[in-house]
Amino acid sequence: MNPPVNLTVVKQDILVGMVECEKRCLMQCTKWLAELNHGLSDTTVELHGNAALQNVFGGIDDTEYDSYLLAKSYFLVREYDRSAYFTRNCVSPVPKFLHLYATYMSKEKKRLDNMTDSSVVSSVNHAKDFSELLSILRTEHSQQSLDGYCLYLYGVILKKLDLTDIAVRVFVEAINAEPTLWSAWLELAPLVNDKRMLEGLKLPKHWMKSIFEGYTYIELFQNDEGIKIFENLQKNGFSKCIFIPTLLAIAYSNKRDVDRSIDIFQHLQSVDPYRLDNLDSYSNLLFVKDMKTEMSHLAHKVVEINKYSPETCCVVGNYYSIRSDHYKAVMYFQRALKLNPRYLSAWTLMGHEFMEMKNTNAAIQSYRQAVEVNKRDFRAWYGLGQAYEILKMTFYSLYYYKAAQQLRPYDSRMLVALGETYEKLNKVADALKCYQKAYNVGDIEGVALYSMAKLYEKQGETEKAIPAFIKFCSDDKLIADKASLCHAYMTLGNYYEKLEDLDKASYFAYKCLDYEEMKREAESLLKSIANKRAHKATTSGVQATASEAAKPEEKPDTDAPDTYGAEDMEMDETNLSKRIDGESIRDEEPGNNELAESSGIHEFHMEDTYDVNE
C-alpha cells in the first residue's frame, strides 16, 4: 500500500491517537506516536480549535472524572491495585479501560515479583491469574460492547494464554476500531506466520498499514520487501521519523550488510544521542566486527544515560563478552532479565555465553526461554541445535536445526548444520541435498563443498568427490580452515598420482608442503611421483633404443612433444572444473528449492518429519 500524500491528515491522526493513548496510560504507544509526530515536524497543523486537543475530556463521564484522575495518578506511580479499586464502578469508556488495564498490570506485576529467579519467563498459572479478567472481557466481547482499546487488552490476554487464532482475530478487530493504536499492530506482528497470512488479514486501508507491513516483513526475515516499503515511506515524507531508519538498520543487519547497518545506527546516535532503544542490536553489530574501542565507548555512554535499563545491561554484557569475561557478561544479562523478564536479546546472548563457558544445560535453559518470548528467534533455535549436538542427542539436534532452517531458508549455516546432522544419522541423500543447497544459496562459511566432497569420499564415490574438491580449492585464499584445504590438496594429489597424471599430482603435492601436518605425506607422494617419472623415462629410453635398432635409417621427429616437459605445471582450472560445472554445483535462483534434474548429483528429498525413537 502506498503511503498517503496528505501528511496533514497523518499528523492529525497521530495527535488524536496520542491524546487517546495518554488518557488510558498506554505510555509506550504514546511515546511511539510522539516520535513519529516529531519526525513530521515540517508538516504543520492548526492547534487552536483542533478537535484532537478538545477531546482531552472525551470518553469520561463528568461524575467519574474525579475518580478517573485519582486512578490515573496511582497508575502512573505503579500502584495498580489502588487504580483499579477507584475505577471499579466506572462505566464510561476511558475509566472502564483504565480499570481493566490496571487489573491486568497488577496481576502481571505480582506474577513477575513472585518469580524466585530469572530462569522462567512463563508460568502455568497464567490461566488462573487472568481467569476473572478473561471472563469479563469474553462476556463483553460477545455482547460487542468492547471498544478498540479494550479489544487490544483482550487480545493481549488471549495471546498470553497461547490462544493464538482467537487473539489474531481480536487484534484485527482492535486495529480496525483504532488504527493509530500501534500497540495492537505490534502485538499482532509476531503472530503472523508468513507472507500469505499477512496478505490475508482484513486490515484497514490506513497509512499505519504500510508501517506494519514493513515491520512484519522484517520480522519474517523477508528483508527486501521490508526495505522497499520503508524506503518508499522515507521518500513520501517520513524521512525524519527515527523509527524508519532503525528498522532499515535491522533489515540490513539481517542481510549481513553489517557496515551499512552500523552507519545507520551511528547516524541515529548523532540525531538522538540519548536514545537507548535497539542499542543492543547496534552492540551486536560492533561485536561481529570486533570493534572493541567503539563497544567500550558505547558501554560507558549508556551507563551514563541510564544504568538500570535492560538495553544498558545488554550493551555492557556484550562489552564483557568481547573481552572474554563471560562470567561478568552473564551477570549483566541476568540483570537485564530482572528488569524485563521478556527481554529477548538477553536470553539469547546469555545462552551464547553459557555455551562459551561449556555450561550446556544452562545454555539450553536460556535458549528455551528466548523461544518462549519469540518463536521466530532463529538464533535461539540454532543454539539449541548446537547444545544438543554437544550432548550427542542427534535427533533433538535435528529438530532444532530444522526449526532454524525454516526461519532462515537461505542461510547456508543452517543448511550445513542440518546436513552434518543428517550425515551423523547416516541419511546420506538428505545430507548431500543440504550441502548442495548451502553452496547454491551462497556458502557464508565456505565449508559446504568440502563437506559434500568428504561425504562422497566416505561413500567411496571418488569420481563425484574430486570435482567438489577442485571447486573447493579454486579460491584457496578465502578458505579459513587450512586443515580442510590441505586435506583437499592431498586427496587430489593422490587421485592424479593413481591416474598417472604426474604433473597435476605434483602440483597438489607441492601445495601440501606449506602445511606442517601434511608435509611428510606430501614428501612421500612427491617421492613416489619422482620414481614413476624415472621409471617412465627409463622405459621410454629402452623403447627408443629398440626402435632405433629396428629402424637405423629413420630420422627422429623433431616436432614430437617432450614426454612431460611441455605440459604446464600450473593447474588448468578450466579443465579441472569441467566435471563439477557439469554436475549440480551451480547457483540456484532464490526461492527455487528444486535441484536441477540434469545434475550429476541425483535429486534427493529431505524428510519433513522424523521419529525421535528411530
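So, how was this worked out
Residues numbered from 1 in each chain as written. Predicted model: local features only at pLDDT ≥ 70, side-chain atom pairs only at ≥ 80, totals over all residues. Heavy atoms only, no water. UniProt positions renumbered as here; feature names shortened; annotations may be inferred. Helix = DSSP H or I, 4+ residues; strand = E, 2+ residues; numbered from the N terminus. Axes fitted to C-alpha atoms, helices over the stretch in contact; angles between N-to-C directions. Parallel < 35°, antiparallel > 145°, perpendicular 65-115°, else oblique. Left-handed = near helix turned anticlockwise from the far one by under 90°. Contact = heavy atoms within 4.5 Å. Nonpolar A, V, L, I, M, F, W, Y, C, P; charged D, E, K, R; others polar. Patch = residues over 30% accessible without salt bridge, like charges linked within 9 Å, V, L, I, M, F, W, Y side chains within 5 Å. Areas by Shrake-Rupley, 256 points an atom, 1.4 Å probe, with all protein chains shown as cover. Salt bridge = Lys/Arg side-chain N within 4 Å of Asp/Glu carboxyl O. Buried < 20%, exposed > 50% of the residue type's maximum accessible area, 1.4 Å probe, protein only.

As annotated in an unreviewed UniProt entry, the protein carries the name Cyclosome subunit 8 and comes from Anopheles culicifacies. Entered under Pathway (unreviewed entry) in the UniProt record, the comment concerning the protein runs "Protein modification; protein ubiquitination."

Participant: Before we go on, may I ask you to explain the UniProt feature "repeat: TPR" (unreviewed entry) in the protein in this structure?
Facilitator: The sites that UniProt annotates as "repeat: TPR" (unreviewed entry) are residues 310-343, 344-377 and 412-445. As annotated, residues 310-343 comprises 79% helix and 0% strand, and the C-alpha atoms at either end are separated by 7 Å. The straight-line gap between the two end C-alpha atoms of residues 412-445 is 8 Å; of that span, 76% is helix and 0% is strand.

Participant: I'm lost on the packing of helix 25 (residues 428-440) against helix 26 (residues 448-458) in this one. Help?
Facilitator: Axes are the key here: two packed helices are described by the angle between their axes and the distance separating the axes. At a minimum axis separation of 8 Å, helix 25 and helix 26 run at an interaxial angle of 155°. With respect to their mutual orientation, helix 25 and helix 26 come out roughly antiparallel. Of the two possible hands of crossing, helix 25 and helix 26 adopt the one that is left-handed. Across the interface between the two elements, Val428, Ala431, Leu432, Tyr435, Gln436, Ala438 and Tyr439 of helix 25 pack against Ala448, Leu449, Ser451, Met452, Leu455 and Tyr456 of helix 26. Residue classes in the contact of helix 25 with helix 26 are distributed as 11 nonpolar, two polar and no charged.

Participant: Honestly, the environment of histidine 206 in this entry has me stumped. Any pointers?
Facilitator: Inspection of the secondary structure puts histidine 206 in the loop between helix 11 (195-200) and helix 12 (208-219). Counting along the chain gives 27 residues from histidine 206 to proline 179, while the straight-line C-alpha distance between them is 7.0 Å.

Participant: I tried to follow a nonpolar patch on the surface on my own but got confused; where do I start?
Facilitator: Residues Leu70, Tyr85 and Phe86 make up a contiguous nonpolar surface patch of roughly 260 Å² in combined accessible area. If you trace the backbone, phenylalanine 86 turns up in helix 5 (residues 80-86). The class of phenylalanine 86 is partly exposed, set by a relative accessible area of 32%.

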